[in-house]
Amino acid sequence: MKIYDIIKFLMKKICLIFALLLPGLFLPSFGIEEITLEESTDFKRGVAFELPLDGPKKVLFGEVSKNEFSPILNFQGTYSADIEDEGNNFTYPFIIEGGGEAKFGDGKNVIRAVSNFTKNVDNLDNKFLGKLSDVYYERKISDSHNGHRVLIGNSRIPIGLEGGRGQYGLMFAKRAQIASHFGNARALGVRFRGDFGHIDYDLGGYSSTRSLQDITDGVEFAGRIGFKPFYNDEPSLFKDFKLAASINTGERGHSYTVSGLSAEWKYKKFLLNAEYAYADGSNASKYNPKKQQGFYAVAAYDITDKLQAAFRYDNFDNDVKKSGDNVQKYTAGLNYYVIGQRLRFSLNYTYTQNGSAVKDLNSNAIHFMTQVMI
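Every value quoted in this text rests on a predicted model; they were computed, and no experiment measured them.

What to know about the overall build of the chain
Each helix and strand counted, the chain has three helices and 17 strands in total. When burial is assessed residue by residue, the chain has 48% of its 374 residues classed as buried. If you take every contact in the chain between residues at least 6 apart in sequence, the share linking residues at least 24 apart comes to 54%. In the structure as shown, the chain presents an accessible area of about 17800 Å², 61% of it carried by carbon and sulfur atoms.

A few points about the pairing of strand 6 (residues 148-156)
When you tally the buried positions in strand 6, you get eight out of nine residues, the bulk of the element. Pairing of strand 5 (residues 132-142) with strand 6 involves seven bridges; the strand directions are antiparallel. Each bridged residue has a counterpart across the sheet, and for Y137 the counterpart in strand 6 is I152. In this sheet, strand 7 (residues 186-195) lies alongside strand 6 in antiparallel orientation, the contact comprising nine bridges. Looking at strand 7, one finds that S155 is bridged to A187.

Let's talk about the pairing of strand 13 (residues 287-302)
Summarising the sheet, strand 12 (residues 270-283) and strand 13 pair through 13 bridges and their orientation is antiparallel. Within strand 13, the residue paired with Y276 across the bridge is F295. Turn length for the strand 12-strand 13 hairpin, with the two strands adjacent in sequence and antiparallel, is three residues. Following strand 13, the chain reverses through four residues before pairing antiparallel with strand 14 (residues 307-317).

Points about the pattern of salt bridges
Per the counting criterion, the structure on display carries twelve salt bridges. Residues D202 and R191 are paired through a salt bridge, measuring 2.4 Å at the closest nitrogen-oxygen approach. Within this pair, whereas D202 is found in strand 8 (residues 199-207), its partner R191 is found in strand 7, the two being separated by eleven residues in sequence. Across this residue pair, the class does not change: D202 and R191 are buried. A salt bridge links D200 to K242, with the nearest nitrogen and oxygen atoms 3.0 Å apart. On the criterion of sequence distance, the pair formed by D200 in strand 8 and K242 in strand 10 (residues 242-252) is long-range, its members being 42 residues apart.

Thoughts on unusual backbone geometry
A positive phi is found at D106, a non-glycine position, where the angle reads about 60°. Mapped onto the fold, D106 is located in the loop between strand 3 (94-104) and strand 4 (109-116). What makes D106 exposed here is its relative accessible area of 58%. One non-glycine residue, S211, lies in the positive phi region at around 65°. Residue position: S211 is located in the loop between strand 8 and strand 9 (219-227). Take S211: its relative accessible area is 18%, and that puts it in the buried class.

Remarks on the nonpolar core
Of all hydrophobic cores here, the largest spans 21 residues; its most connected members are I157, M171, I178, F182 and Y296. F182 has contacts with I159, V258, A277, A279, S282, A284, Q292, Q293 and F316, leaving out every residue within four places of it along the chain. One finds Y336, V338, I339 and F345 within the second-largest nonpolar core, a separate group that totals five residues.

Rules used throughout
- Residues numbered from 1 in each chain as written.
- Predicted model: local features only at pLDDT ≥ 70, side-chain atom pairs only at ≥ 80, totals over all residues.
- Heavy atoms only, no water.
- Helix = DSSP H or I, 4+ residues; strand = E, 2+ residues; numbered from the N terminus.
- Buried < 20%, exposed > 50% of the residue type's maximum accessible area, 1.4 Å probe, protein only.
- Contact = heavy atoms within 4.5 Å.
- Areas by Shrake-Rupley, 256 points an atom, 1.4 Å probe, with all protein chains shown as cover.
- Pairing = 2+ DSSP bridges.
- Salt bridge = Lys/Arg side-chain N within 4 Å of Asp/Glu carboxyl O.
- Core = buried A, V, L, I, M, F, W, Y, C linked by side-chain atoms within 4.5 Å.

Following this line, the structure appears as structure tokens:
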């Protein structure tokens with residue numbers, strides 16, 4: 001495809017997307033309070049980057065109160081257009097999740113059950129259990145600072161900075177490669193998490209089986225500890241600068257260990273973060289015996305209260321024993337928060353540069369994501 005055709009194609013898609021977004025520029029926020037998610041990139045709205053494991057709360061029925069049930073219905077669809085020399089490849093994968101969450105006992109207890117209706121479970125023995133995502137009981141066991149909690153059940157496990165974040169709070173339409181290969185996983189287990197202000201932790205023991213199938217494959221440990229060296233009670237330039245280390249190690253027929261280091265800093269409208277991970281075997285959605293490694297760095301800026309710009313460099317080595325199989329991705333994105341994370345549009349452009357040993361050609365891709373959370 002000629003460069004002129006690529007530019008023409010991109011201009012058409014960008015015009016179409018902004019035509020869809022334009023009405024949102026004039027929509028009021030309806031006075032709806034912000035929500036707390038597993039993760040968020042909406043850092044200017046007072047939502048921490050490291051979020052507690054509270055799921056999406058209802059928006060149509062007001063603020064969640066004690067001793068109350070909250071229905072959950074989430075949709076996320078991503079229109080992807082990969083531009084290749086041989087032609088264009090268009091896809092529209094989407095996620096629909098539903099369930100509920102109940103809080104009781106002065107808000108110290110949470111029971112949550114959510115099912116992913118669109119998940120492909122053809123290769124699983126128990127298809128009903130395979131569609132369940134979050135199914136857990138959680139109890140607050142301390143009132144200090146943000147509290148300390150124990151969780152029992154199936155939940156997303158903390159493998160890395162981005163790998164431990166849920167689908168609905170990611171800054172980009174696609175995960176970074178180390179998060180996709182190593183950390184995009186849920187497991188059945190017991191975990192403890194908490195925050196002392198300058199130190200936060202998320203530690204747990206789990207079954208190494210995924211999708212709530214036969215849980216006799218093995219066991220694993222997953223944990224992440226973050227440290228803010230300049231933390232204090234007063235606002236300061238480096239108050240929210242944080243270093244963190246994570247590890248996921250266990251056995252699923254064979255042993256595996258994924259270890260990682262990350263750094264992040266946010267101040268007012270700016271955010272910077274970076275993460276490195278090395279895997280001596282891994283166990284995301286399935287076991288992978290390869291030794292792999294990767295790194296990414298992100299810079300983001302809040303242009304307005306609703307519009308955010310972000311850029312990510314992402315490098316992944318598919319096999320450290322081989323040369324020339326690195327995949328580098330350069331992504332530029334815009335996030336438009338009509339009603340925070342509850343109604344959000346994202347536009348990403350990604351250029352992928354493959355190493356000499358990778359058979360795939362270099363590619364250009366556009367991703368347009370729509371997200372609705374009730």
